[in-house]
Amino acid sequence: MKVIYAPSKIPTRVDPDCTMLFLAGSIEQGTAEEWQTRVSMYLADKAVILLNPRRLDWDSSWVQSKDNPQFREQVEWELYGLEQANRILLYFDPATKSPISLLELGLHAYDNKLIVCCPDGFWRKGNVDIVCEKYQITQIKKLTEIRDLIK
């Protein structure tokens, strides 16, 4: 297993026996749990590259504007990583609203790459469940189940 954090370079070619998994989902600083670390531990012995958007040098004072170079770099890294990954784990932390995660669900509902974990208590769980059902998106009840889905 290898972890690539934003904004590090994302490989364009990966061994076909290796899964590139984008860790999409709740990141709201100070509210969301740091679930990406747990997923890394669950997959430590797997042939997987994890694309982790939880930026180690994130500064919450950065203006979220397309004109802010650090913010633009982050968003563009995430969009590119979502496209390059052959699987996307999308986690909805019940303690968050996660509007960008809901956007990512809509953006990737059609591409057959999503694995969604939306525990009870997430404020829009019903919406997430219906979208997953309609587009036949794999859902897991707990993050630990990701181990069984990554070969």
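Up top is the structure.
Residues numbered from 1 in each chain as written. Predicted model: local features only at pLDDT ≥ 70, side-chain atom pairs only at ≥ 80, totals over all residues. Heavy atoms only, no water.

Some details on the sheet that holds strand β3 (residues 48–52)
Here we have six strands laid out as an open sheet, ordered β1-β3-β2-β4-β5-β6, and parallel in their pairing. A strand with exactly one partner marks an edge of an open sheet, and here the two such strands are β1 (2–5) and β6 (138–140). Shown here is a sheet whose adjacent strand axes are inclined to one another by a mean of 25°, direction ignored. Both strand β5 (residues 114–117) and β6 contribute to a ladder of three bridges, which runs parallel. Looking at the pairing, I115 lines up with T138 of β6. Running over the sheet, helix α3 (residues 99–108) touches β2 (19–25), β4 (87–91) and β5 and is turned about 145° from β4. (Pairing = 2+ DSSP bridges. Helix = DSSP H or I, 4+ residues; strand = E, 2+ residues; numbered from the N terminus. Axes fitted to C-alpha atoms, helices over the stretch in contact; angles between N-to-C directions. Contact = heavy atoms within 4.5 Å.)

Here we look at α3
Among the residues making up α3, those that are buried are S101, E104, L105 and H108. One side of α3 holds all its buried residues, which, seen down the axis, span an arc of 105°. Where α3 is buried, its residues contact β2, α2 (69–84), β4, β5 and α4 (125–134). (Buried < 20%, exposed > 50% of the residue type's maximum accessible area, 1.4 Å probe, protein only. Arc of directions from axis to C-beta.)

Topic: the environment of L89
Following the sequence through the fold, L89 ends up in strand β4. You can call L89 buried: its relative accessible area is 0%. Dropping the residues within four chain positions of it, L89 is found in contact with L21, F22, L23, A24, W35, V39, I115, I140, L143 and I146.

Here we look at the packing of aromatic side chains
Enumeration over the complete set of coordinates arrives at five aromatic pairs. Between Y110 and Y135, the ring centres sit 5.0 Å apart and the planes meet at 65°, which makes this aromatic pair edge-to-face. With Y110 in the loop between α3 and β5 and Y135 in the loop between α4 and β6, the pair connects residues that are 25 residues apart, well separated along the chain. The residue whose ring lies beneath K97 is W123, and the NZ or CZ to ring-centre distance is 4.3 Å. (Phe/Tyr/Trp six-rings, centres within 6.5 Å; stacked < 30°, edge-to-face > 60°. Lys NZ or Arg CZ within 6 Å of the ring centre and 35° of its normal.)

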